[in-house]
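# Inside the fold
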Amino acid sequence: MSSGRARNAPQTRADILVAARRRFGSDGYQRTTLRAVAADVGVDPALIIRYFGSKQDLFAEAAEFTIDFPDLSAVAADDVADVLLSRFFAVWEHDTTFLALLRAAMTSESAAKTMRQVFATQVAPVLATVTRDHPAQRAGLMGAFVIGLATTRYVLAIPAVANLGHDELIRFARPVIRQLLLGPISEGISGDDPE
């Protein structure tokens, strides 16, 4: 597989990550093989093991991504959904890492753990800045809505949702997001967030 030419180790490592993101995104975690990723880059599979250790370790590194959120505390309540969804669209449509992670999270505990970590460290703290009460529950329900929306639109590609333009989808989702993050909660919700 090796081309015999001298390799630049940092560049080869970066090329492997790009190929892995593509493979995980298109084939899913289970069907992606180190051999296929290696073939995409033109290296021996042993080189991937040397750089990353295992398929799980390669996936964990390939699945790292950042969602660039603004300070939501400075955003008007009526605009929160628009701002959030525009950031999510950027991740969903321009970062193959997210879709790879989303697909893999359905069958891989490692991927699900990575998804939970992204949510806990990047999404939940930002959402908490706009909630008046029950920030963990509200953020969790918002996460369920957003993950469900992404799955329906990009993984299952259900036409009624997949074919909506960004503005149309935002118009449908705006009242849901506003209620989840800012709306009143029915009587009987128990206590404070668990520590």
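The text that follows walks through the structure, step by step, so that each part is easy to find. (Residues numbered from 1 in each chain as written. Predicted model: local features only at pLDDT ≥ 70, side-chain atom pairs only at ≥ 80, totals over all residues. Heavy atoms only, no water.)

### Section: the overall build of the chain
Regarding its fold elements, the chain presents ten helices and zero strands. Going residue by residue from the N terminus, the α and β elements of the chain occur as α-α-α-α-α-α-α-α-α-α. Overall size of the chain, expressed as C-alpha extent along the three principal axes, is 65 × 40 × 30 Å. Within the chain, the proportion of its 195 residues that are buried is 42%. The long-range share in the chain, meaning contacts at least 24 apart out of those at least 6 apart in sequence, stands at 70%. (Helix = DSSP H or I, 4+ residues; strand = E, 2+ residues; numbered from the N terminus. Buried < 20%, exposed > 50% of the residue type's maximum accessible area, 1.4 Å probe, protein only. Contact = heavy atoms within 4.5 Å.)

### Overview of unusual backbone geometry
Positioned with a positive phi, His134 is a non-glycine residue whose angle comes to about 45°. Relative to the helices and strands, His134 resides in the loop between α7 (109-128) and α8 (135-155). Of note in the backbone geometry, Ala157 takes a positive phi value of approximately 50° without being a glycine.

### Observations regarding the packing of aromatic side chains
On inspection of all chains with the given rule, the structure shows eight aromatic pairs. With a centroid separation of 5.2 Å and an interplanar angle of 80°, the aromatic rings of Tyr29 and Phe59 are classed as edge-to-face. Of the two residues, Tyr29 sits in helix α1 (residues 9-31) while Phe59 sits in helix α4 (residues 55-62), which places them 30 residues apart along the sequence. On the basis of relative accessible area, Phe59 is assigned to the buried category, the value being 1%. Here Trp92 and Tyr154 contribute two aromatic rings whose centre-to-centre distance is 5.6 Å and whose plane-to-plane angle is 55°, an arrangement assigned as tilted. Of this pair, Trp92 sits in helix α5 (residues 80-94) while Tyr154 sits in helix α8, and the two are 62 residues apart along the sequence. Just as Trp92 is buried, Tyr154 falls in that class too. (Phe/Tyr/Trp six-rings, centres within 6.5 Å; stacked < 30°, edge-to-face > 60°.)

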